[in-house]
Every structure is written in structure tokens, then in C-alpha cells.
Amino acid sequence: MLLAYPFRALVTHQVAPEVAVSTAVALLVLAGTGGLVPPPVVIALAGGAGATLAGVRLSRLATRRRATQRMAGVLLDAAVVAAGLTVAVLPLVDSGHRVAALVGSLVVAVLAAAGLTRLPGRPQPTVRVRLRWLVEGIGPAIGLALAGWLLLPHDVAPAPARLAAVLVLGGLGMAALCAFTGPHRRTGAATCRGGVLLTLVGLTLLAILPPAAAGREALLAVPPLVLGMLLTALGAGEALDAVDVEPAADRVAPAWPRAVLPAAVLLLAAGLYLGAGWAPDRTTVLLALATVPPLVLRELLRAGEPSTSDRPAAHRRPTRRGIRRRRAAADVPWFGLPDRPAGQPDDGPSTSSDLGSTWPPEDGPGWSPLTRRSASAGSAGPGDRAALLDALAAIGDVPEPVGALLLVDLYSVDGVGPALREDLLTDAVGRVRPIVGPGDLVTGCAGTGFAVVTAAGPVLAYALGTRLLTALAPPYLLGGTVLRVQASIGLAEVSGAGPADVLRQAELARRRAVQLGRDRVEWYDAFLEEQLVRRLDLERELPGAVARGELDLVYQPVLDLADRQPVGAEALLRWRSPVLGTVLPAELLPVAEDLDLVGELEWWVLDRACRQLAEWSAGTRELWMAVNVTTRELTTPDFVQRTAAVLAAYGVPTERLVIEVAEPRVAADLSTVVARLAGLRSLGVRTALDDFRAEHASLAQLRRLPIDLLKVGPELVGARPDGQPPLIDVVVNVGERLGVEIVAEELESPEQVEGAHRAGCRYGQGFALARPATAERVEAYFEEFPSASR
């Protein structure tokens, strides 16, 4: 039985051996510190225990089917074994222990570096980003080296050797801190990298500290050494096993740990050094001075970087149907270019043109002394970006600036031709004039949009935005044509930020309002910007991911709740981007829909899943494979025929495939969905309805759908707040009458599993039963159940 296999109900089972080894090592170190156990014995036992457990875990990775994964496991396993052998040999060396430790460290570094480069999900930043990381890390690394110089006893080695050692320790320590706190800190590759660096820290300490037989100082090397080896194995396993539930938001890494922690260590070391009565020597002063140039260089690089508001527009690449890609969030154009809805071709009606005037005119009710000061010759001019920036600067010049910028974009559902575009905007601004304050500026911009600069505070500015939405909502009668218009408003505060930054922030907020469906006001915040930048990174990298071989599948077993035997598995898509890390479907699919790539991705998933199912079906097991499809792809005319062709290509029995479709989306085209599901069942393919909601409309719709399985979430299993019986009872009764079997999914606790079983659900799926993993790990899991078949 694979006891450490992550399918087990509790996550703690997966790391139980590591916890046991860590506890034992901690007790050994305490015993060695107290003189109960000789330090050489402590170091040898602790290093051997850590290397043995890490080596066993890594040796399992060497059985992977992919050559790169096998090689990564082999190299990292060899690195851990080399570290363990180094620790074991040191007590046997009477002299020259430093040479032995340094040689071992070099071997470990070479092997580990080669293994790390083969791990999936490893970030590949640009040269400029690498340079910035290096510059930003040099100062704190030298600070850590200075702390080591102050704390390291002066008699352990000659001054040059001590200086080299503390510089190496400072660099390794800072690199490990970056791995554990950086943008990719939640990935297995980062954990593995940090573990390797900690292992090297431990080996370096063994090289510079006196031999274990001469004192207890060498015990300081045990914690980083053992912890590093264990984290190396755990991180590598996570990176290769695809047990990845990391939310996208975790990629936004706080910078304070990488600045505060080295400073805190240095302050503590300096306090201990001075408290002991030592005076700073020349090396101490030189190391302290060496921290200054990197800080200056960092600021010079930041000052030389272009402002986000001045960066050129990102290159636009059309998709297969000519969708125009959004520009990068850092690019702040002269706003007002409406975002096209997904699927609108480039040759559709254009909505960008320059306005020939500014509202209100100088003598109009909305022209204020503020705008007189900010616009030359008393007029903002057509689409005058400079005039708007001047108006924002005039507000920001006061000691405590209060004000806001609202960017308004108008999108016509019916389309706007060139002849009506200016009339539409003139009418819209006419509706706005009575609403804005006498000191507010309303100015036109490129496209069907305008800007409002107000001196009101943020709350009043938001209220102004909602009034603008109300005023702009009624239909427009222009040239005998009735136009329906949706407004999207982005709001940014003028609170000390530069005018260009305020304009960028308002544009990002406006784009967010468009993404969320228009007819809304969106307020800028920093998290919003991170989301948009992440979204644009996804849009840039996703096209071509299939051709580059970056897609992968993990599989989550489905179990019979009566005997806990596996009956099948669900194929789950993962995008292993070398730039963005592992991307999950919840983040991937909305971007794919906007780029019209869903069909390409889903047919890849179906093909790969059927190929894997054919391999599993070659034995005696009769397991089924569930594949999710969107209603958009399901309703294509040739879906049934193409599915039959894939099954025939791999010789998979049709009853082994389950096609899942999400219930919330089937209502939009119910008749076509019913026809496609019926066509699949006529082939022998089983069908399932996912994300079922126990509502009246859903229950009525269920009677029309030709399905075999009904998947319900844990919210239907638990008791309701009003004391009524769980809704799962109703669903199970309906399923029995319709001949539909119930699958309880997303079960994350033993209580939910037991509740689903008691309610009559036949099958279960979730972390409490089995976690998603690669095909190799799932196959090994199936081996534990020789009689598994349904």
C-alpha cells in the first residue's frame, strides 16, 4: 500500500513521515546540545534520516514515463544521496573535513541544478527581470553576509576563508528567501529550489564550523540540512504529481519579507556583536558600505524604467476568427477605444474616431477656473490628452488633493456607424451636463467616450458615476434610428498620484467594468491591476499552448461509496506554462472562451483522455473516464461524429466514456443539448449533468435531459440552516424515478462522504476520497484495488 500517496483522506498522511523525521531530528539536536549524545553521532543520524526519506520519495519519481520527469527525479535523488554521504563521511575524516564538505557541496549543487531545470512549472523570466531580481537581492544578501561575519567565531578559520563562507551563506540564504516568498512561492518547483538552497546552507556551515568532534557548533548545520533535503523531495513530488490547487491570486508576492527579514537578522547580529563588547573591524565596515551601491543601482534602474503610462501598445495578434486582442494593461492609450465583445470580427463597424470638440465649451456651465488654468487658449481641443493631464495635475498640486477621474465608455448594442458616432456622443454629453457640478470638467476623447474630472471626494464621485449611468441608460433616437447604449465607467482617485498614473488607473477600472458586463462603475484598486495584468499575461501565452505541448491532464478517481472501490476517473485539464506556472481550468477557460480557443482545448482533452482510457482498459479493469465539455462545443453539428471517431481511433468501448456538461449553461440552448446528448447515448456513450442545483427550474429541466449520471456538490449534502432535511434526499428520489445515478462531488471531509452515502448517492468524488494526480500515480492507486471494475 502506498501509505504516503496523496489520495488518502487527510493531507497530513502525505507528510507524516516528514513530520516524524523532523521531530526525531529536533530531539537529537536537543540531546546533542545537552551533551547526552555526541555531536558527530547527531549529525550522522540526522543527515542519514533526512537523506533516506528524501531519497525514497525522489526514487519513486524516477519511474515516470516522461523522460524529463524521470531525469529530474534521478538527478535530484542523486543530489540528496550525495548530501547524505557527505554528512556520513565527515565524522570519519580526521583532517581535511572542510575539503570533504566543499567537494560534497559542489557535487550536490551541480546535480541539483541539473534536476531543477527539468522540473515543470519553472518560471522563465526575461533577462531584464533576472537583472532586476539580482540587483534587488544583492543588498539584502550582503546584509546577511555581514550578519554571518558578526556571528561567526573569529577563530574558526582564517579571515579570507570566513569572508568567502559568509558571502556564500548570504547569497544562498537570500536565494532561499526569494524562493519561499517570491511570486512562484506556492509552486512545487519553488519549494524544491528552496530546499536545495537550504541543503547547501547546511553543507556550507559544516565546512566552515569546527569539526563536530571539537564542539557543538556544528549542530547549527543540522536544521537547514535536514529541512532542505525534505523540502527538496516534497517540492519535486508536488511539481511532478500535479497536486496543484493554487489560486491565481497567490502569484502576487509581498515584497516586505525579502527586505524586512534580512534587516531583522542583521540588527539582531549587530546587537549581539556590540553587546559582547566587540568593536567593528575593517571587514565589518567594508561589508556595511558594500550594501549601499546595490541600493543606489536598484533606484537608478527603477528611475530608468519607462512609466507604465508611457509604454508602447502591446502587439496584437488576431485569433482564428479575427478577434482583436486587448492591449496590455500597462499600456494607457488615449482612452475611449471600446473593448469588442468576444467573437466580433475586426471588419465590423469601427467605433473609434476623434471628437471635434470638448464639452463644455469655455463659456458653458461646466467650465471652471481649474480648467481655465489647465487648458491653453481656454480650450481642451479634440481628444486633448495633455489638457486632461493638466487638469488632474491642478487638483494634485494642492497639499491634500481631493478629486477623482471618471472615464466613460459608450457601447452600442446595435452598432454605431461613423455618421451617428459623433451625434451619439453629443447627445450623451448633453445628458451629462445637468448632472456634473459647476466645477467639474467634461472632455471628449478618442472613440465613443468622454472623461469627467471632479473635485469631489471618492464617495461623492462614485455617486456621480451611478447618476451618469442612470442618465445614459435610456435609448437614443438619432437619425430615425433607436440605439441602445451600455456605459462602462472607471473611477480613480486623485490623491497624490501623478496625472498619468491616475489616467492609467481609471482606464484599468473602465476595462474591468467592460469585462464584468458593462452598465456599471468600477473603482480602481491595486488588486484590480494585478488581476488585469494576470489576465493579459494569460491572453498572451495561451495561443499556441497546444502546439507547444504545454497542456497536461490529471485524473481524479470516482469511487463507489458502498465499498470504496474505484469505478472511474475524471480528466482535469492543467496548463503547465513555463512562464505562468500551472494554470487551473477556472482561470484558463474564461480566457480561452474570449480567444475562441475552447474547441481546440476540449478536443485535445478528449483525445488525450481516450488514449489514456485505452491504456487502462488493456487490462482486466472496466473503468470509465469522464470528460467535461462546454455547451458551446457540445452543440456543434459534428460533435457526436467526432466523438465516435476518437473512440474508434483508440479502440475504446463507448460505454467507458462519460461526457459531462454543466447544468447552469444548458438552458440557453436546451433543445440542441438534448439532441446531442441523445446522439451520444445512441452511440453507447454515457452522459452526465455537472454542477446540478436543486431548484425548481433545474428539476423540471432534468426530466428532459437524456443523462445517466447526475453530479451534485457538497452544499446539497449538508443540513440546511432552516432545519429542513438536506436537499440531497429530494435529488436522490428524483434520480431513482428517472433512472439516473447520483455522484456526490467535491467531498472534502469524512462527514460529507458519510452523509452522501446515507442519502443514497452511489458514487463519490473529492479530496476526502482521492486527490487529482498524474496518470502514473492514478494507475498505481488502481493497483491497490485488483477487483476494481464497473
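Residues numbered from 1 in each chain as written. Predicted model: local features only at pLDDT ≥ 70, side-chain atom pairs only at ≥ 80, totals over all residues. Heavy atoms only, no water.

### Here we look at the overall build of the chain
Going by this rule: Strands here are runs of E lasting at least two residues and helices are runs of H or I lasting at least four, both read from the DSSP assignment and numbered beginning at the N terminus. Note on exposure labels: buried denotes an accessible area under 20% of the residue type's maximum, exposed denotes more than 50%, and partly exposed covers the range between, all computed with a 1.4 Å probe on protein chains only. Whether two residues are in contact is decided by their heavy atoms, any of which lying within 4.5 Å being enough. Values of accessible area rely on a 1.4 Å probe in the Shrake-Rupley scheme; residue burial ignores everything except the protein chains shown.
Helix and strand content of the chain: 26 helices and 16 strands. Counting the 790 residues in the chain, one finds 51% classified as buried. Long-range contacts, defined here as pairs at least 24 residues apart, represent 73% of the contacts in the chain between residues at least 6 apart. Here the chain displays about 34200 Å² of accessible surface, and carbon together with sulfur accounts for 62% of that area.

### Examining the packing of aromatic side chains
Rules: Each Phe, Tyr or Trp ring, with Trp reduced to its six-membered ring, pairs with another whose centre is within 6.5 Å; inter-plane angles below 30 degrees give stacked pairs, above 60 give edge-to-face pairs, and intermediate values give tilted ones. Charges are assigned to positions over rings by a cutoff of 6 Å between ring centre and Lys NZ or Arg CZ, combined with an angular limit of 35 degrees from the ring normal.
Per the stated rule, a full pass over the model turns up 8 aromatic pairs. A ring pair is formed by W624 and Y763, whose centres lie 6.1 Å apart and whose planes are at 70 degrees; its orientation type is edge-to-face. A residue pair is termed long-range when its members are at least 10 positions apart, and W624 in strand β11 (residues 624-629) and Y763 in strand β16 (residues 763-764) qualify at 139 residues. Of the two residues, W624 and Y763, neither departs from the other in class, the shared state being buried. Three or more aromatic residues joined by ring pairs make a cluster, and in this case those are Y555, W616, Y781, F782 and F785. Over the aromatic face of W149 sits the side chain of R162, whose NZ or CZ is 3.9 Å from the ring centroid. Against the face of Y411 rests R518, its NZ or CZ located 4.0 Å from the ring centre.

### Remarks on a nonpolar patch on the surface
Put simply, the test is: Only residues above 30% relative accessible area that lack a salt bridge enter a patch, with like-charged residues linked at up to 9 Å and the nonpolar side chains Val, Leu, Ile, Met, Phe, Trp and Tyr linked at up to 5 Å. By salt bridge we mean one thing: a side-chain nitrogen of Lys or Arg within 4 Å of a carboxyl oxygen of Asp or Glu.
There is a patch of nonpolar side chains on the surface, built from V99, V103 and V107 and spanning about 250 Å² of accessible area. Tracing the backbone through its elements, the reader meets V107 in helix α4 (residues 97-116). Its relative accessible area of 38% is what places V107 among the partly exposed residues.

### Remarks on the packing of helix α17 (residues 526-541) against helix α18 (residues 585-594)
For the record, the criterion: Here an axis means a line fitted to C-alpha atoms, over the contact stretch when the element is a helix, while the angle between two N-to-C directions is reported on a 0 to 180 degree scale. Crossing handedness follows the turn of the near helix against the far one: under a right angle anticlockwise gives a left-handed crossing, and clockwise gives a right-handed one. For this classification, Asp, Glu, Lys and Arg are treated as charged, while Ala, Val, Leu, Ile, Met, Phe, Trp, Tyr, Cys and Pro are nonpolar and the rest, including Gly, are polar.
One can describe the packing of α17 onto α18 by two numbers: an axis separation of 10 Å at closest approach and a directional angle of 65 degrees. Taken as a pair, α17 and α18 cross one another with a handedness that is right-handed. Of the residues in α18, those touching α17 at R534, R535, L538 and E539 are E587, P590, V591 and D594. Its residues placed into classes, the contact of α17 with α18 shows 3 nonpolar, no polar and 5 charged.

### Here we look at the environment of H154
Here H154 lies in the loop between α5 (127-151) and α6 (159-181). For H154, the contacting residues outside a window of four places in its chain are R162, Y273 and W278.

### Structural notes on α17
The condition that has to hold: Here the expected length of a helix is defined as 1.5 Å per residue gap, with one fewer gap than residues.
In a regular helix each residue adds 1.5 Å, so 16 residues correspond to 22 Å; α17 covers 23 Å between its end C-alpha atoms and thus fits that length. Those residues of α17 not exposed but buried are L528, E529, L532, R534, R535, L536, L538, E539 and E541. Residues of α17 that are buried make contact with α16 (499-515), β7 (520-523), β9 (566-577), β10 (581-583) and α18.

### Section: a negative patch on the surface
Formally: His is not counted, nor are the chain ends; Lys and Arg add positive charge and Asp and Glu add negative charge. The location of each charge is read from NZ of Lys, CZ of Arg, CG of Asp or CD of Glu.
On the surface, D691, E715, E746 and E748 cluster together into a negatively charged patch. Note that E715 resides in the loop between β14 (709-712) and α24 (727-738). You can call E715 exposed: its relative accessible area is 55%.

### Focus on the nonpolar core
Our working definition: Put simply, a nonpolar core is a bunch of buried Ala, Val, Leu, Ile, Met, Phe, Trp, Tyr and Cys residues held in one set by side-chain atoms that sit within 4.5 Å of each other.
Counting 80 residues, the largest nonpolar core has L542, Y555, W575, L689, L705 and L710 as the members making the most contacts within it. Considering each element in turn, this core owes the most residues, 10 residues, to helix α19 (residues 598-617). For W575, the contacting residues outside a window of four places in its chain are L538, E541, L542, A545, E550, L551, L580, G581, T582, V583 and L588. Among the nonpolar cores identified, the runner-up in size contains 67 residues, and A101, L197, V201 and A239 belong to it.

### A closer look at the environment of T774
Within the secondary structure, T774 is located in the loop between β16 and α26 (775-783). Distance from T774 to D552, taken between C-alpha atoms, is 8.9 Å for residues 222 residues apart in sequence.

### Points about the packing of helix α21 (residues 639-650) against helix α22 (residues 670-683)
Our working rule: Should an angle lie under 35 degrees it is considered roughly parallel, over 145 roughly antiparallel, and from 65 to 115 roughly perpendicular; all remaining angles are considered oblique.
Viewed as axis vectors pointing N to C, α21 and α22 meet at an angle of 30 degrees, and their least axial separation amounts to 9 Å. Accordingly, the angle class assigned to the pair α21 and α22 is roughly parallel. Every pair of crossing elements has a handedness; the one defined by α21 and α22 is right-handed. Along the contact surface, α21 presents F639, V640, T643 and A644, while α22 presents R676, G679, L680 and L683.

### Observations regarding the sheet that holds strand β1 (residues 404-412)
The test is simple: One bridge is not enough; two strands pair if DSSP finds at least two bridges between them.
Pairing is mixed in the open sheet, where 5 strands are placed in the order β2-β3-β1-β6-β7. The sheet is open, and its two edges are formed by β2 (441-444) and β7, each paired on a single side. Each adjacent strand pair in this sheet contributes to an overall mean axis angle of 20 degrees, direction not counted. Sheet topology places β1 next to strand β6 (residues 485-493); 9 bridges connect them, and they run antiparallel. Counted as the bridge partner of D409 is S488 from β6. Against the sheet, helix α15 (residues 458-472) touches β1, β3 (449-454), β6 and β7, its axis set at about 170 degrees to β6. Where α16 meets the sheet, it contacts β1, β6 and β7, and its direction lies at approximately 145 degrees from that of β6.

### Structural notes on the pairing of β6
The buried count for β6 comes to 7 of 9 residues, which makes it a mostly enclosed element. Note: β6 against β7, 4 bridges, orientation parallel. Considered in β7, the bridge of G490 is made with E522.

### Considering the confidence of the model for the chain
Note the threshold: Residue-level confidence of the predictor is summarised by pLDDT, bounded by 0 at the bottom and 100 at the top.
Model confidence for the chain is summarised by a mean pLDDT of 78, while 78% of its residues fall at 70 or above. Of all helices and strands in the chain, the one with the weakest mean pLDDT is helix α12 (residues 369-374) (33), whereas β11 scores best (95). Confidence over residues 243-252 falls short of pLDDT 50; this stretch has 29 contacts with residues more than four positions distant or in other chains.

### Focus: the side chain of Q556
Quick reminder of the rule: Residues adjacent in sequence count toward polar contacts only when both atoms are side-chain atoms; beyond that, a polar contact is any pair of N or O atoms within 3.5 Å, and within protein one must be able to donate a hydrogen and the other to accept it.
Tracing the sequence through the fold places Q556 in strand β8 (residues 551-560). At a separation of 3.2 Å, a polar atom in the side chain of Q556 contacts the side chain of Q765. In contact with Q556, other than residues within four places in its own chain, are G568, A569, E570, L572, Q765, G766, F767, A770, R771 and P772.

### A few points about the pattern of salt bridges
Applying the stated criterion across every chain yields a total of 22 salt bridges. A cluster of three or more residues bridged by salt bridges with shared partners is formed by D409, E507, R510, R511 and R518.

### A look at unusual backbone geometry
Of note in the backbone geometry, R518 takes a positive phi value of approximately 65 degrees without being a glycine. Since its relative accessible area comes to 10%, R518 is described here as buried. Backbone geometry at D691 places phi at a positive 55 degrees, although glycine is not the residue there. Position of D691 relative to the elements: it lies in strand β13 (residues 686-692). A relative accessible area of 34% places D691 in the partly exposed class.

### Brief notes about α18
Selection rule: This arc corresponds to the set of directions leading from the helix axis out to the C-beta atoms.
For α18, the complete set of buried residues consists of E587, L588, V591 and A592. Viewed end-on, α18 has its buried residues packed into an arc of 120 degrees, placing them on one side of the element. Looking at the buried positions of α18, the neighbouring elements they touch are α17, β9, β10 and α19. D596, located one to two residues past α18, shows a positive phi value of around 60 degrees.

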